[in-house]
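Okay, here's what each chain looks like letter by letter:
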Amino acid sequence: MSSNKITIPFNKPFIAGKEFYHIAQAVLSGQLSGNGLYTKLCQDWLKCKINCKKVLLTHSCTAALEMAAILCDIRADDEVIMPSFTFVSTANAFVLRGGVPIFIDIRDDNLNMDESLIEDAISPKTKAIVPVHYAGVGCDMERIMAIAEKHKLFVIEDTAQGLLSCYKDRHLGSIGHFGCLSFHETKNIISGEGGALLINDPEFIERAEIIWGKGTNRSQFFRGQVEKYTWVDIGSSFLPSELMGAFLYAQLEAADKIIAKRRYLFQRYMDRLRPLELKGLIRLPYIDHACESNGHIFYILVHNLEERDLLINQLRKSGILAVFHYVPLHSSPAGMKYGRACGGMSVTNDVSDRVLRLPLYYEMTDAEVESVVTALYGFYNK
Ligand SMILES: *Cc1c(COP(=O)(O)O)cnc(C)c1O
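The text that follows walks through the structure, step by step, so that each part is easy to find. What you see as residue numbers is a count from 1 along each chain, following the sequence as written. Given that the model is predicted, a residue must reach a pLDDT of at least 70 before its local features are reported, and side-chain atom pairs must reach 80 or more before they are shown or counted; all residues, however, enter totals for whole chains, interfaces and linings. The basis for every side-chain value is the complete set of heavy atoms in the structure, and neither hydrogens nor water enter the calculation.

Digging into the pattern of salt bridges
Consideration 1: In what follows, salt bridge is the name for a side-chain nitrogen of Lys or Arg lying within 4 Å of a carboxyl oxygen of Asp or Glu. Taken as a whole, this structure holds 16 salt bridges when the rule is applied.
Consideration 2: The closest approach of N and O atoms between Glu209 and Arg223, which form a salt bridge, is 2.9 Å. Taken as a pair, Glu209 in helix H7 (residues 205-212) and Arg223 in the loop between helix H8 (218-222) and helix H9 (242-253) lie far apart in primary sequence, 14 residues in all.
Consideration 3: Each residue gets one of three labels from its accessible area relative to the maximum for its type: buried under 20%, exposed over 50%, partly exposed in between, using a 1.4 Å probe on protein chains only. When its relative accessible area of 46% is taken as the criterion, Arg223 is described as partly exposed.
Consideration 4: For the salt bridge of Arg268 with Asp366, the shortest nitrogen-to-oxygen distance reads 3.7 Å. Placement of Arg268 in helix H10 (residues 255-278) and of Asp366 in helix H14 (residues 366-380) is noted, with a sequence separation of 98 residues between them. The helix count covers DSSP runs of H or I at least four residues long, the strand count covers runs of E at least two residues long, and both are numbered beginning at the N terminus.

Observations regarding the pairing of strand S4 (residues 126-129)
Within a regular beta strand, the side chains point alternately toward one face of the sheet and then the other, so they alternate between its two faces.
Consideration 1: Pairing between strand S2 (residues 79-83) and S4: 3 bridges, direction parallel. Following the sheet pairing, Val80 is matched in S4 by Ala128.
Consideration 2: Across 2 bridges, S4 lies against strand S5 (residues 154-158) in parallel orientation. Considered in S5, the bridge of Ile129 is made with Val155.
Consideration 3: The handedness of a crossover follows from its direction of travel: if, with the strands pointing away from the viewer, the path from the first strand over the helix to the second runs clockwise, the crossover is right-handed. This β-α-β element, S4 to helix H6 (residues 141-151) to S5, shows right-handed connectivity. Two strands pair if DSSP finds at least two bridges between them.

Given below as structure tokens:
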């Protein structure tokens, strides 16, 4: 029997090289709790690069979304429009405040929220729109911002997958009122667990710092703006330790190199798999000319669930691990309990059966891409 050993994993966390060095510096500095040198270095790096008004590091993108929900003052029965085809945290952050996710369908070209369905989902209770930039490819932010402005709604960009991707020369996460980044080890730039809240409207900065610091005005105290710090608002422990910041800083220093490599691997898959698409055997990702992607996910769309199961098994026999996501939120147990669908969900239901993510990681070699491509050709030439 063949061993079925995985030789090409789906993901391989990349260590840029200076992580231990920076962690050692943090340890030697004597400040291990948050908001120290490394937290500030990371926040400044992100602020300059992405061009937003303020950045606060968090324990995760989930935590950044939770902060955004508090800052938008989401209360019981407030409605928040989002795609069903996303990770649970997109919805959970608002449900924790008593909000109701209103799920809409996605576009069948780039699998992002279908902006033409947003206005039908708006009610007097609507408070916010949450575009999720799937695979690091930007949603139609021009249209979404225009709708939000017309109806006076908040826009929170779920930019978990979109660090350093652009939409019309602006960075994803810098366009809505808030952007939420993830540094989970499955993302492009990592710190194990980690994230950041991007704030684009300066009006929210002061309150965001308070929520970040357990509901106290500690940040103002450290700046000498108040004489003692006290409990002034709701909040939580959203601020990560310096150890996370130190690790993350090493990654940010290598960010351009990491993104360039991922874009290269993405393009290589595109070029090599194009003939299969031209024969109608698979569908490749679509990226609108307004968008520049960070090469976060390379996916293909197959014909149906049965074909996907067979293909996953076939790849596994060649030692290749390919995975799929998401189970749609609108029909999940919690999605049905806490939210509801608006309109049909045919694209979401269809795509969640047909999408398959291929291995893509910084250290992937051309030969490894070729092995995956060869296995796909083997499957479809049968
Ligand atoms: C990964 C991901 C999240 C959650 O990120 P964490 O940092 O793990 O909390 C949220 N939304 C989307 C779209 C994601 O891909």
